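Read off the chains here:
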Amino acid sequence: MRLIEMEIARQGWKDMLCGCGDSAEHLAGDLLQLAGRGPEQRSIHVSLEGHVWSSAVLWEPAPAVTSVALAALADEAAPLARSRFLDLLQFVFAGEGTDWGPARKGFDLPERCRALGAQGLWLLYEEVMANRSPGAAGTAFEILTVIEPDRARLQRVRQIAAAWLPECCRTGRCDDDFDGSDP
């Protein structure tokens, strides 16, 4: 069993309320398809918008999906699957609010997801430094600008990886704390 299957199996999907209003059980299969571990054995695009996040809020499955996405980066995922899981992390880490159900229970889903992301910092740094594809390296770097508390380390990686990072990452325009001055 690979890491992603193990992490999917570890989650209590049936007991989570999905953003679509049903149980989050269907997300396990969606994540397997995204990873290329479904019946077609290749990464299939699956939109998790409206299930895990919307433009305004994160729903209950967001931390579990974050854990699975990080496991996919640690696993031997195909380049397309890696890119899709990075995109998924970027959407989740951009979340600003918590759906009313979990919020009523005192959960701050964006904070929980970012804390999980902080546990996977080195996976994201490895993605930037491996430079498997410019898009993936840029997405990983943009995610780091949201969750990395050590801004000096982030700046050092920006300098080292400047040759293959997109312009917005090289200049700092993708940073959460971007103030418009030169880095």
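Cut-off values and rules
- Residues numbered from 1 in each chain as written.
- Predicted model: local features only at pLDDT ≥ 70, side-chain atom pairs only at ≥ 80, totals over all residues.
- Heavy atoms only, no water.
- Axes fitted to C-alpha atoms, helices over the stretch in contact; angles between N-to-C directions.
- Helix = DSSP H or I, 4+ residues; strand = E, 2+ residues; numbered from the N terminus.
- Parallel < 35°, antiparallel > 145°, perpendicular 65-115°, else oblique.
- Left-handed = near helix turned anticlockwise from the far one by under 90°.
- Contact = heavy atoms within 4.5 Å.
- Nonpolar A, V, L, I, M, F, W, Y, C, P; charged D, E, K, R; others polar.
- Buried < 20%, exposed > 50% of the residue type's maximum accessible area, 1.4 Å probe, protein only.
- Salt bridge = Lys/Arg side-chain N within 4 Å of Asp/Glu carboxyl O.

(A) Seen up close, the packing of helix α7 (residues 121–130) against helix α9 (residues 151–160). Remark: α7 packs on α9, axes separated minimally by 10 Å, with the N-to-C direction vectors making an angle of 20°. Here α9 runs roughly parallel to α7, going by the angle between their axes. In terms of crossing hand, the pair formed by α7 and α9 is right-handed. In this structure, α7 contributes Leu121, Trp122, Tyr125, Val128 and Met129 to the contact, and α9 contributes Arg153, Leu154, Val157 and Ile160. Residues of the contact of α7 with α9, tallied by class, amount to eight nonpolar, no polar and one charged.

(B) Here's a closer look at unusual backbone geometry. A positive phi angle, near 55°, is found at Gln41, a position not held by glycine. Along the polypeptide, Gln41 turns up in the loop between α2 (25–35) and α3 (62–74). Positive phi, normally seen in glycine, also occurs at Asn131, with a value near 50°. The class of Asn131 is partly exposed, set by a relative accessible area of 29%.

(C) Here's a closer look at the pattern of salt bridges. In the structure shown here, the tally under the stated rule is nine salt bridges. The salt bridge involving Glu76 is made with Arg2; its shortest N-O contact spans 3.9 Å. Of this pair, Glu76 sits in the loop between α3 and α4 (79–93) while Arg2 sits in the segment before α1 (3–10); the two residues are 74 residues apart in sequence, bridging distant segments of the chain. For Glu76, a relative accessible area of 61% translates into the label exposed. As a salt-bridge pair, Glu5 and Arg37 come within 3.0 Å of each other at their nearest N and O atoms.

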